[in-house]
Amino acid sequence: MLKGSCLCHSIQYEISGELGSPVMCHCSKCRKANGSAFAVNAVVKSNEFKITSGTAFISEFESTPGVFRLFCKKCGSPLVSRRPSQPEILRLRIGTLDTPIQLKPTAHIFVGSKAEWDEIHDELPQYEERPPLK
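Residues numbered from 1 in each chain as written. Predicted model: local features only at pLDDT ≥ 70, side-chain atom pairs only at ≥ 80, totals over all residues. Heavy atoms only, no water.

A. Layout of the sheet that holds strand β1 (residues 2-5). On the basis of which strands lie adjacent, the open sheet formed by three strands has the order β1-β2-β5 and antiparallel pairing. Every other strand in the sheet has two partners, leaving β1 and β5 (49-53) as the edge strands with one partner each. Neighbouring strand axes in the sheet, compared pairwise and without regard to direction, differ in orientation by 30 degrees on average. Pairing of β1 with strand β2 (residues 12-15) involves four bridges; the strand directions are antiparallel. Residue S5 lies in a different strand from β2, and its bridge partner there is Q12. (Pairing = 2+ DSSP bridges. Helix = DSSP H or I, 4+ residues; strand = E, 2+ residues; numbered from the N terminus. Axes fitted to C-alpha atoms, helices over the stretch in contact; angles between N-to-C directions.)

Following this line, the structure appears as structure tokens:
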């Protein structure tokens, strides 16, 4: 069981299953939503993700047609994104986890739109866009 929360701890969640491989997303929307060079996201199964407290603090924004970002309306922490076209999965912002994990990022995605001031200094695979889910 993994547990996580937003910055102010108003929203808390649990994940009963496994995380997918974390990836560093450099797309402009992740950069803006996180205020940083990239977001580190991992796929989780929707039916294994449960908000345990703070549902009243959840807000949602449709950042692109068909892509919804859920965040805390009190502190602004991004938590997950969802697509109605893929209801079985969520993309978790793993920085919100409170439970330590051993998983490490496995790739950089959307490097074709990364910030011009961002430099990648590791040997992980880089993809211009999003590779197909495995």
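B. Highlighting the side chain of N41. When you line up the elements, N41 lands in strand β4 (residues 39-45). Its relative accessible area of 7% is what places N41 among the buried residues. Reaching out from N41, the side chain makes a polar contact with the side chain of R93 at a distance of 3.3 Å. Sequence-distant contacts of N41, defined by excluding residues within four places in its chain, comprise S21, P22, V23, C25, C30, L92, R93 and I94. (Buried < 20%, exposed > 50% of the residue type's maximum accessible area, 1.4 Å probe, protein only. Polar contact = N/O pair within 3.5 Å; in protein donor to acceptor, adjacent residues only side chain to side chain. Contact = heavy atoms within 4.5 Å.)

C. Geometry of the layout of surface pockets. In this structure, the second largest pocket occupies an estimated 160 Å³ of space. Around the second largest pocket, the lining residues are K29, A33, F61, S63, R69, L70, F71, G76, P78, L79, V80 and R93. Counting only elements with at least two residues in the lining of the second largest pocket, the list comes to α1 (28-34), β6 (58-64), β7 (67-72) and β8 (78-82). The residue makeup of the lining of the second largest pocket, split by class, is seven nonpolar, two polar and three charged. (1 Å grid on protein atoms, 1.4 Å probe; cavity = no way out; pocket = protein on both sides within 12 Å on 5 of 7 lines; lining within 4 Å. Points joined across faces, edges and corners; volume = space filled by probe spheres on them. Nonpolar A, V, L, I, M, F, W, Y, C, P; charged D, E, K, R; others polar.)

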